[in-house]
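Below are the chains, spelled out letter by letter.
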Amino acid sequence: MEKERFIKQAKRIVIKIGSQVLDKNDDIDTDFIKSLADQISAYPEKEFIIVSSGAVLAGVKKLKLQSKPKTITEKQAVASVGQAYLMQIYDKIFSERKLTVGQMLLTVEGLQDRKRYLYAKDTLNKLIEFNVVPIINENDAIAVEEIVFGDNDYLAAHVSVLADADLMVIVSTAGGLYTDDPSNPEAKLIEEVEDVDSAINYAKSSKSKFGTGGMRSKLEAAKVATSHSIPVMIVPKTEKLIHSIFSLEKIGTFIHPSKHKKMSGKKSWLALLSSPKGRVVVDKGAEKALKEGKSLLPGGIKDVEGIFNPKDTVAIVNEEGIIIGKGIVKIGYKELKKIKGLKTEEASKVLGKNVDEVIHRDNLVIY
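Residues numbered from 1 in each chain as written. Predicted model: local features only at pLDDT ≥ 70, side-chain atom pairs only at ≥ 80, totals over all residues. Heavy atoms only, no water.

Caption draft 1: Region of interest: the environment of L189. Secondary-structure assignment places L189 in the loop between β7 (167-172) and β8 (192-193). Relative accessible area serves as the criterion here: at 32%, L189 is assigned to the partly exposed category. Each C-alpha atom of the pair L189 and G252 lies 7.5 Å from the other, and the pair is 63 residues apart in sequence. For L189, the contacting residues outside a window of four places in its chain are G175, G176, L177, Y178, G252 and T253. (Helix = DSSP H or I, 4+ residues; strand = E, 2+ residues; numbered from the N terminus. Buried < 20%, exposed > 50% of the residue type's maximum accessible area, 1.4 Å probe, protein only. Contact = heavy atoms within 4.5 Å.)

Shown next, in the form of structure tokens:
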């Protein structure tokens with residue numbers, strides 16, 4: 001069966017642990033972290049990456065606050081205390097099992113820059129090469145509302161894509177996707193999901209005391225990962241969750257990866273993280289050609305909007321105003337306005353240089 005094959009063949013695994021999972025009365029649930037470290041050490045042939053929420057939670061525990069901070073400034077201050085405390089716990093527990101951990105703090109703003117994205121990818125790969133278990137969290141201490149991932153489920157999905165993971169595991173207090181709220185005794189666990197979009201109808205978007213999402217955010221994040229051929233499991237918080245997964249026990253919900261061809265690293269970054277600096281409106285003929293996998297030529301461009309330079313990302317919009325993709329342009333907005341709608345030979349004459357395509361097909365993502 002496909003599910004068993006995906007699990008057996010998985011070598012690089014991203015495990016996402018939410019704040020709710022780490023919350024235990026007056027402190028962090030160190031017993032859970034110990035069981036996690038024990039299991040990771042039992043699979044030396046695997047490569048584990050942990051995406052751990054909990055900086056704000058840990059800060060609240062350390063500072064003995066009565067509630068979660070409300071303002072962004074309070075959150076940043078509490079997170080700076082909590083991140084140090086949380087990493088201290090991970091380092092101590094993992095070191096006792098002869099495992100080394102390394103901290104990576106990420107923001108979506110950082111990953112939107114192609115160079116910084118590649119640096120993060122290289123750093124992650126180097127940590128794994130050194131037999132280090134990366135512990136990744138959003139950089140809450142400097143994040144502001146405009147640049148946060150919004151929920152570490154999404155961060156885990158982006159990390160899974162960044163790391164070329166073979167499996168993404170989301171540990172959830174819900175334990176998986178159910179046909180109704182798990183508190184309903186008639187609710188049934190959905191063991192396998194083929195189509196994430198249809199499964200979202202079952203999701204609840206409840207929020208916990210310290211978490212920022214619910215099952216819906218987990219499924220939206222799963223959609224990102226599965227669209228990049230990465231299977232996803234939503235599993236309960238149990239003492240032997242990794243053993244249960246690799247023993248092929250029935251646990252949680254398994255979400256199958258998309259059957260579409262896997263995107264290249266650059267196209268993946270383009271689709272998920274690149275921030276368009278402008279818009280290029282294309283005619284119906286160009287839209288058809290782009291969907292057939294061809295490059296964008298100046299003749300198919302009807303309009304140019306925004307200010308952008310060569311090598312910037314732009315949104316590609318059809319005549320109905322619908323965004324159909326993104327791409328990296330070879331020509332800036334001023335020159336592009338001069339040659340829109342022209343054949344390549346005419347465009348070359350106007351600009352006084354050779355013009356082949358505006359966006360090469362290797363630098364295009366069409367939705």
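Still more to cover.
Caption draft 2: Local environment of the sheet that holds strand β10 (residues 253-255). Ordered in space as β5-β6-β4-β1-β7-β9-β10-β8, the eight strands form an open sheet in which the pairing is mixed. Looking at which strands have only one partner, the edges of the open sheet turn out to be β5 (100-106) and β8. Pairing geometry for β5 and strand β6 (residues 132-138), over seven bridges, is parallel. Across the sheet, the residue bridging to M104 is I136, located in β6. Helix-sheet contacts for helix α10 (residues 215-226) involve β1 (12-17), β7, β9 (232-236) and β10, and the interaxial angle to β9 is about 150 degrees. (Pairing = 2+ DSSP bridges. Axes fitted to C-alpha atoms, helices over the stretch in contact; angles between N-to-C directions.)

Caption draft 3: Broad picture of helix α3 (residues 30-41). In this model, α3 (twelve residues) spans 16 Å end to end at C-alpha, consistent with the 16 Å of a helix rising 1.5 Å per residue. Burial in α3 covers these residues: F32, I33, S35, L36, A37, Q39 and I40. Two to three positions downstream of the cap, the backbone nitrogen of D31 sits 3.3 Å from a side-chain oxygen, assigning the N-cap of α3 to D29. (Expected span 1.5 Å × (residues − 1). Polar contact = N/O pair within 3.5 Å; in protein donor to acceptor, adjacent residues only side chain to side chain.)

Caption draft 4: Representation of the packing of aromatic side chains within the structure. Under the defined criterion, the tally for this structure stands at four aromatic pairs. Centre to centre, the rings of Y43 and F246 are 5.3 Å apart; their planes meet at 45 degrees, and the pair counts as tilted. Within this pair, whereas Y43 is found in the loop between α3 and β4 (47-52), its partner F246 is found in helix α11 (residues 241-246), the two being separated by 203 residues in sequence. We classify Y43 as buried; its relative accessible area is 14%. For R5, the ring lying beneath its charged end belongs to F6, and the centroid distance is 4.7 Å. Residue placement shows K237 over the ring face of F32; its charged tip is 5.6 Å from the ring centre. (Phe/Tyr/Trp six-rings, centres within 6.5 Å; stacked < 30°, edge-to-face > 60°. Lys NZ or Arg CZ within 6 Å of the ring centre and 35° of its normal.)

Caption draft 5: Inspection of the packing of helix α4 (residues 55-63) against helix α5 (residues 72-95) at higher detail. Contact geometry of α4 with α5 gives a least axis separation of 6 Å together with a crossing angle of 85 degrees. Taken together, the axes of α4 and α5 lie roughly perpendicular to each other. Two secondary-structure elements touch here, α4 through A55, V56, A58, G59, V60, K62 and L63 and α5 through K75, V78, A79, V81, G82, Q83, Y85 and L86. Class assignment for the residues of the contact of α4 with α5 results in ten nonpolar, three polar and two charged. (Parallel < 35°, antiparallel > 145°, perpendicular 65-115°, else oblique. Nonpolar A, V, L, I, M, F, W, Y, C, P; charged D, E, K, R; others polar.)

Caption draft 6: Molecular detail of the packing of helix α8 (residues 152-162) against α10. Look at α8 against α10: their axes get within 8 Å of each other, and the N-to-C directions meet at 10 degrees. Accordingly, the angle class assigned to the pair α8 and α10 is roughly parallel. Considering the relative orientation of α8 and α10, their crossing is right-handed. Residue-level inspection shows D153, Y154, A157 and V161 of α8 in contact with α10, the latter providing S217, K218, E220, A221, V224 and A225. Class assignment for the residues of the contact of α8 with α10 results in six nonpolar, one polar and three charged. (Left-handed = near helix turned anticlockwise from the far one by under 90°.)

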